[in-house]
Structures are given as structure tokens and as C-alpha cells.
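So the chains spell out like this:
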Amino acid sequence: MRTIAIMNLKGGVGKTVTALALGAALSSAGKRVLLVDCDGQMSLTRFYFHDLDPDNVTTVADVLQGTAEAVWEDNVLPILGTNIQLLPGSSGLYALDAAAIQGLGFGLCKLRDFRDAVAEDDEVDYMIFDCPPGFTAASVSALMAAGEVVIPMLVDGFSFAGTQDMAQQISNLRRANQGVRIAGVLITQWHNSDVVRQGEQLLRSMGVPVFQQTIRRTDKVPESTFDRQPIVQYSPGSAASQDYRKWVAEYIGREG
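Calculation notes
- Residues numbered from 1 in each chain as written.
- Predicted model: local features only at pLDDT ≥ 70, side-chain atom pairs only at ≥ 80, totals over all residues.
- Heavy atoms only, no water.
- Helix = DSSP H or I, 4+ residues; strand = E, 2+ residues; numbered from the N terminus.
- Rg over C-alpha atoms; globule rule 2.2 N^0.38 Å.
- Buried < 20%, exposed > 50% of the residue type's maximum accessible area, 1.4 Å probe, protein only.
- Contact = heavy atoms within 4.5 Å.
- Areas by Shrake-Rupley, 256 points an atom, 1.4 Å probe, with all protein chains shown as cover.
- Lys, Arg positive; Asp, Glu negative; His and termini not counted.
- Charge placed at Lys NZ, Arg CZ, Asp CG, Glu CD.
- Pairing = 2+ DSSP bridges.
- Patch = residues over 30% accessible without salt bridge, like charges linked within 9 Å, V, L, I, M, F, W, Y side chains within 5 Å.
- Salt bridge = Lys/Arg side-chain N within 4 Å of Asp/Glu carboxyl O.
- Axes fitted to C-alpha atoms, helices over the stretch in contact; angles between N-to-C directions.
- Parallel < 35°, antiparallel > 145°, perpendicular 65-115°, else oblique.
- Nonpolar A, V, L, I, M, F, W, Y, C, P; charged D, E, K, R; others polar.
- Right-handed = clockwise from strand over helix to strand, strands pointing away.
- Polar contact = N/O pair within 3.5 Å; in protein donor to acceptor, adjacent residues only side chain to side chain.
- Left-handed = near helix turned anticlockwise from the far one by under 90°.

K.L.:
A description of the overall build of the protein chain should follow, citing residues and the corresponding values.
P.N.:
Check the secondary structure of the protein chain and you find eleven helices and seven strands. Scaling as 2.2 N^0.38, a compact globule of 256 residues should have a C-alpha radius of gyration of about 18 Å, and the protein chain matches this with 17 Å. Considering the protein chain as a whole, with its 256 residues, one finds that 53% of them fall into the buried category. Within the protein chain, contacts between residues separated by at least 24 positions form 78% of all contacts whose residues are at least 6 apart in sequence. Surface exposure of the protein chain reaches about 11400 Å², of which carbon and sulfur atoms provide 48%. When the 21 positive and 29 negative side-chain charges of the protein chain are each reduced to one mean point, those points stand 9 Å apart.

K.L.:
Can you explain the sheet that holds strand E5 (residues 126-130)? Please cite residues and give values.
P.N.:
Strand order in the open sheet formed by seven strands is E3-E4-E2-E5-E1-E6-E7, and the pairing between neighbours is mixed. The open sheet is flanked by strand E3 (77-78) and strand E7 (181-187), the only strands paired with a single partner. In this sheet, strand E4 (residues 84-87) lies alongside strand E2 (residues 33-37) in parallel orientation, the contact comprising four bridges. Counted as the bridge partner of valine 33 is isoleucine 84 from E4.

K.L.:
Break down a negative patch on the surface for me, citing the residues and quoting the values.
P.N.:
A cluster of acidic side chains, namely Glu69, Glu73, Asp74, Glu120, Asp121, Asp122 and Glu123, defines a negative patch on the protein surface. By the element assignment, aspartate 74 lies in the loop between helix H3 (60-65) and E3.

K.L.:
I'd like to hear about the packing of helix H1 (residues 15-28) against helix H11 (residues 239-253), residue by residue, with values.
P.N.:
The N-to-C vectors of H1 and H11 enclose an angle of 70°; their axes lie 10 Å apart at closest approach. The angle between H1 and H11 places the two elements in the roughly perpendicular class. Between H1 and H11, the contacting residues are Val17, Thr18, Ala21, Leu22, Ala25 and Leu26 on the first element and Tyr244, Trp247, Val248, Tyr251 and Ile252 on the second. A class-by-class count of the residues in the contact of H1 with H11 yields ten nonpolar, one polar and no charged.

K.L.:
With reference to specific residues and values, describe the pattern of salt bridges.
P.N.:
Applying the stated rule across the entire model yields nine salt bridges. Its salt-bridge partner being aspartate 156, residue lysine 10 comes within 3.4 Å of it at the nearest N-O pair. In this pair, lysine 10 is assigned in the loop between strand E1 (2-6) and H1 and aspartate 156 in the loop between strand E6 (148-153) and helix H7 (157-173), connecting sequence segments 146 residues apart. Two residues, aspartate 194 and arginine 197, come together in a salt bridge whose shortest N-O distance is 2.3 Å. Here aspartate 194 pairs with arginine 197, and both are found in helix H8 (residues 194-203), just three residues apart, close to one helical turn. If you follow the salt bridges from partner to partner, you end up with Arg2, Glu148 and Arg181 in one network.

K.L.:
I'd like to hear about the pairing of E7, residue by residue, with values.
P.N.:
Within E7, six of the seven residues are buried, which leaves the element mostly enclosed by the surrounding structure. Two strands pair when backbone bridges link them, and E6 and E7 are joined in this way by six bridges, in the parallel orientation. Paired with glutamate 148 across the strands is arginine 181, a residue of E7. Note that the unit made of E6, H7 and E7 has a crossover that is right-handed.

K.L.:
An account of the pairing of E2 is requested, with residue identities and associated values reported.
P.N.:
Judged by how many residues are buried, E2 sits mostly within the fold: five of five residues are covered. Residues Val33, Leu35 and Asp37 of E2 are buried on one face, and the alternating residues Leu34 and Val36, pointing to the opposite face, are buried as well.

K.L.:
How would you explain the side chain of asparagine 75 if you had to name every residue and give the values?
P.N.:
Considering the arrangement of structural elements, one finds asparagine 75 in the loop between H3 and E3. Side chain to side chain, asparagine 75 and threonine 58 meet in a polar contact 3.3 Å long.

K.L.:
Go over the packing of helix H5 (residues 110-121) against helix H6 (residues 137-145), please, and point to the residues and values.
P.N.:
At a closest axis distance of 7 Å, the pairing of H5 and H6 adopts a crossing angle of 40°. The angle between H5 and H6 places the two elements in the oblique class. The element H5 and its partner H6 pack so that their crossing is right-handed. Together, Leu111, Arg112 and Arg115 of H5 and Ala138, Ser141, Ala142, Met144 and Ala145 of H6 make up the contact between the two elements. For the contact of H5 with H6, the class distribution of residues is five nonpolar, one polar and two charged.

What follows is the structure, encoded as C-alpha cells:
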């Protein structure tokens, strides 16, 4: 089972859209996918279950606090018509961030334990963590459980230092999770302009792995979030949809 964290220290770079596109493409290829919503905003959860009450289901916060059901399958929600299951997020993750600031204990390794239970049953091929901006309780827990990190990134002046900082933090985290590595930076909302082309060239010279495929900017992406369909299903012929499919082929095909 491959475990992938989608993360960037910045918001608005396409993390959730990327997690959705990756999950949908893998599901369409017959792969079994488990999405984990590590963001207190619950964007991924509300995308699939817009009226879900997190108080009535098990969430990532429950897993981190050790109050989830003992059997992992009892904690996830199936996405009908797909090979995808979801471990929902909740606003309770914000309380865990506050607890971490106050030095109160909770299980940073609980998501790793959850991952191990899923892997042991051999019923999931890909576990994808949709992480919030910054190093929160849930995102650090996801990095403790993940084997690979995908970093969606806009090409602008604010992003370069943040990407370098994140690469350094992931390197530091290897003392706790020796298996984690950066799979690559994924350039999103690409468009044909001098500053974007020059920024992309600079990024590719920084020594951080960067995917060859980029994701072009298109209004179809925000449209897909209103319609609550992954972009690869909402508009299969759009530039972003074509690019995401090519990226998944590049990424997953990299290891056969």
C-alpha cells in the first residue's frame, strides 16, 4: 500500500483538488483508495458529503485522540459508485492544534497505527492524506504515516522560500519517519507568461524534485468544486483534467 501526503505550507495551491484528482484517477483505474481529510476546514469531506455532521461519525480527530473504533473499516465512509473510501475531517482538529500549543498530549503516531491496520488487511492500494496549510497536529501525524509527499505549488515569489522550508522540515522529520520522502513538487495553475516560465525554470534548478507535468489554469477547476465532482470527471476534456491524468501517469508510472 502506498501512502501519500498532499501538503504545502501555503493555502490556495490546489491541495484538495489534487487529492481528489489523484483519488478519482486511481479509482477509475480499478485501484482501491482511502482518502484521509486532515484539514479542520473539511473541504474534502464536504466535497463528498456536503451535509455531514462530524459529531455523528468517526473523524481524523477521533483517530488522533484514540477514541475511534478498533476496526479501521468501521471508521470510514464509502463513496458510492467508486473504489474510494473516506476518513472524514472535522473542526475538532483545531482543538488538537490548541492542545499541542499548550503541550497537552495526543497521539502523533495514531495515524501511523491506523495506516498499519489498513495495510495489514490488504484492502487498500493507496492511502492519500489531504493536509491543511502549515504544520498542524494532523499534518505532522500524516507525515509520520506517509511514505511520499506531493507538494502542489503556485509559481510566485512567496512560494519558493516556503517550498525550501518544507523540504528541510521533511528532511528533519526523517529522524522520526525514515521512510518519508518528497515525491515531487507539482506546479498548479500554470499559464503562459514570462514570470511563470522563469519561475518554473528557477524551481527546477533548486534541487527539489519537480514533476515534469504541470497543471494548467482553467475555470473548470473552481466549477468542479461547485458541482462536487473531481475535475477529471467533471470536465474530462479540460486542460487541467488532461494535465492531471498525465501527471498521475507520470507519478504512478514512475514505479511501474
